[in-house]
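Residue strings, one per chain:
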Amino acid sequence: MIPGCLVIASGRSREGLNIGFPILSVSVQIPPRTFLVKAFSLTLRPVRTRLPFMFVFGLPGSVRGFDPLFLVLAALALEAVAGGLRFPSAPHPVGIIGSLVAVFDRWLNRESSSEGVRFAFGGMVVLIVVTACGGIGWGVGWLTRAQPFGWGIELVLAALLISQRSLHGHVRAVADALENGGAEEGRMAVAHIVGRDPASLDCHGIARASIESCAENFSDGVVAPVFWYVLFGMPGLLAYKAVNTMDSMIGYRTPRYRAFGKAAARLDDLLNLIPARLAGLLISLAALAAPSAHPAEAVRTMLRDASRHRSVNAGWPEGAMAGSLGLALAGPRSYPNAVAEDSWIGD
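Residues numbered from 1 in each chain as written. Predicted model: local features only at pLDDT ≥ 70, side-chain atom pairs only at ≥ 80, totals over all residues. Heavy atoms only, no water.

### Remarks on the nonpolar core
- Counting 38 residues, the largest nonpolar core has Val-125, Val-129, Met-234 and Met-246 as its most contacted members.
- The set of elements that each furnish at least two residues to this core consists of helix H2 (68-82), helix H3 (93-108), helix H4 (115-146), helix H5 (151-160), helix H7 (203-250) and helix H8 (262-271).
- Sorting elements by how many residues they give to this core places H7 first, with 15 residues.
- In contact with Met-246, other than residues within four places in its own chain, are Val-101, Val-125, Val-126, Val-129, Val-130, Gly-251 and Ala-264. (Core = buried A, V, L, I, M, F, W, Y, C linked by side-chain atoms within 4.5 Å. Buried < 20%, exposed > 50% of the residue type's maximum accessible area, 1.4 Å probe, protein only. Helix = DSSP H or I, 4+ residues; strand = E, 2+ residues; numbered from the N terminus. Contact = heavy atoms within 4.5 Å.)

### Here we look at helix H9 (residues 273-286)
- Compared with an ideal rise of 1.5 Å per residue, which puts 14 residues at 20 Å, H9 spans 21 Å between its outermost C-alpha atoms and is within 8% of the ideal.
- Of the positions making up H9, those classed as buried are Pro-275, Ala-276, Ala-279, Gly-280, Ile-283 and Ser-284.
- Those residues of H9 that are buried are in contact with H7, H8, helix H10 (295-305) and helix H11 (315-325). (Expected span 1.5 Å × (residues − 1).)

### With respect to H10
- Taken together, the buried positions of H10 are occupied by Ala-298, Thr-301, Met-302 and Asp-305. Taken around the axis of H10, the buried residues stretch over an arc of 100 degrees, which confines them to a single face. In H10, the exposed positions that point more than 90 degrees away from the buried face belong to Ala-296 and Leu-303.
- Packed against the buried residues of H10 are H9, H11 and strand E12 (344-346). (Arc of directions from axis to C-beta.)

### Quick look at the environment of Gly-346
- Its location among the elements puts Gly-346 in strand E12.
- On the basis of relative accessibility, which here comes to 11%, the residue Gly-346 falls in the buried class.
- Look past the residues within four positions of Gly-346 in its chain and what remains in contact with it is Thr-301, Arg-304, Asp-305, Ala-322, Leu-327 and Ala-328.

### Notes on the packing of aromatic side chains
- In total, this model carries four aromatic pairs according to the counting rule given.
- Here the aromatic rings of Phe-227 and Trp-228 are separated by 5.0 Å at their centres, their planes lie at 90 degrees, and the arrangement is edge-to-face. The residues Phe-227 and Trp-228 share a single accessibility class, namely buried.
- Considering the side-chain rings of Trp-228 and Phe-232, the 6.1 Å spacing of their centres and the 10 degrees angle between planes classify their relative orientation as stacked. With Trp-228 and Phe-232 both in helix H7 and four residues apart, the pair spans about one turn of that helix.
- Residue class for Phe-232 comes out partly exposed when judged on its relative accessible area of 31%.
- Three or more aromatic residues joined by ring pairs form one cluster here, namely Phe-227, Trp-228 and Phe-232. (Phe/Tyr/Trp six-rings, centres within 6.5 Å; stacked < 30°, edge-to-face > 60°.)

### Remarks on the confidence of the model for the protein
- Of the residues in the protein, 77% reach a pLDDT of 70 or more, and the chain-wide mean stands at 80.
- For the stretch residues 1-64, pLDDT sits under 50, and the model shows 121 contacts to residues farther than four places along the chain or on other chains. (pLDDT = per-residue confidence, 0-100.)

### Digging into the environment of Leu-100
- Mapped onto the elements, Leu-100 comes out in helix H3.
- Considered as a pair, Leu-100 and Val-129 are 29 residues apart in the sequence and their alpha carbons are 8.0 Å apart.

### A few points about the packing of H5 against H7
- Contact geometry for H5 and H7: axes closest at 11 Å, N-to-C directions at 85 degrees. Put simply, H5 runs roughly perpendicular to H7. On H7, the residues touching Glu-154, Leu-157 and Ala-158 of H5 are Tyr-229, Met-234, Leu-237 and Leu-238.
- Classifying every residue of the contact of H5 with H7 by side-chain character gives six nonpolar, no polar and one charged. (Axes fitted to C-alpha atoms, helices over the stretch in contact; angles between N-to-C directions. Parallel < 35°, antiparallel > 145°, perpendicular 65-115°, else oblique. Nonpolar A, V, L, I, M, F, W, Y, C, P; charged D, E, K, R; others polar.)

### Side note on the pattern of salt bridges
- If you walk through the whole model with that rule in mind, you get eleven salt bridges.
- A salt bridge links Arg-256 to Asp-105; the shortest N-O distance between them is 3.1 Å. Placement of Arg-256 in the loop between H7 and H8 and of Asp-105 in helix H3 is noted, with a sequence separation of 151 residues between them.
- In this structure Arg-256 comes out as partly exposed when scored by relative accessible area, which is 29%. (Salt bridge = Lys/Arg side-chain N within 4 Å of Asp/Glu carboxyl O.)

### Remarks on the packing of H4 against H5
- Running from N to C, H4 and H5 cross one another at 140 degrees; their axes reach a closest spacing of 7 Å. Our classification of the angle between H4 and H5 gives oblique. The residues of H5 that touch H4, namely those facing Val-140, Gly-141, Leu-143, Thr-144 and Arg-145, are Trp-151, Ile-153, Glu-154 and Leu-157.
- Its residues assigned to classes, the contact of H4 with H5 shows five nonpolar, two polar and two charged.

### Quick notes on the side chain of Asn-109
- With respect to the helices and strands, Asn-109 occurs in the loop between H3 and H4.
- We classify Asn-109 as buried; its relative accessible area is 3%.
- In terms of polar contacts, Asn-109 uses its side chain to reach the side chain of Arg-118, at 2.8 Å.
- A polar atom in the side chain of Asn-109 sits 3.2 Å from the backbone oxygen of Arg-256. (Polar contact = N/O pair within 3.5 Å; in protein donor to acceptor, adjacent residues only side chain to side chain.)

### Topic: a nonpolar patch on the surface
- Residues Leu-270, Leu-273, Ile-274, Leu-278, Leu-281 and Val-312 make up a contiguous nonpolar surface patch of about 510 Å² in total accessible area.
- Examining the composition of the nonpolar patch, we find that four residues originate from one element, H9, more than from any other.
- With respect to the helices and strands, the residue Val-312 is situated in the loop between H10 and H11.
- Residue classification places Val-312 among the partly exposed positions, given a relative accessible area of 46%. (Patch = residues over 30% accessible without salt bridge, like charges linked within 9 Å, V, L, I, M, F, W, Y side chains within 5 Å. Areas by Shrake-Rupley, 256 points an atom, 1.4 Å probe, with all protein chains shown as cover.)

See the structure below:
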């Protein structure tokens, strides 16, 4: 018996039954070949695992490192504390993906081509970028489990690809600008997080735009990356970020991208189908902790108004946010090249 240890066990082995979730125990019978995290020291030993594919995503046999569910919690904590990490000598992973997509856009998205050809090229770009990112993610996952401290690389990379701290910072900056500088400074701050024309927004419009961006990006930038990471590890996380980046760059209904970006936009809709609804539920639950929020109204508004949004997914977190705060979100909005006559969400 070894008292006072945190045991992280994985799989079913001949020596004993282990499960794929962290277990905290004061006194545990430790079978051979088990991960032990002691109070001030870390000992990693090989474990023969037969976990479901989604929870390990590595090679069978000898595996090293932390349980993936522990890694995602650690990544969330690291990003919350040190979010927005930048390494001067290394570009951000999303920046690399964006540069690759921009190259394909210049090479293949030609106005002289028919829409059918541009759609085919766009689908090919999605296949290439997602396959490449998934392959890199598989390599990182293999390194994590093949090397004693390879998990550190995965931890940092996962933290870089989750955007909770930066989302909070940008939305907070809008609130501070409105409070200290009025509409003019608010427009400058909100321009960093929305695509609409900020010149047409008054103080109320600026606040609504930042709240909508907070709700939608909570789904796209926090819930969805964690969801796909929990299911498929680093390959799932990198593949999702690739699709989401492509959607933000080429997934528009403009003449240039209507055909070329259609595959990216549809795949992004599909990958966010479950995370968006989870995000709405999480916002409703979070309303329980805010004295002035309305959790029951959040659920009611989400279920009633989510389908009014032009996006199949964005209406869920925005509906929950509108109901919890007692606001009306979405509605008509002005973009640099068009005016969107959308329905209101909330009362």
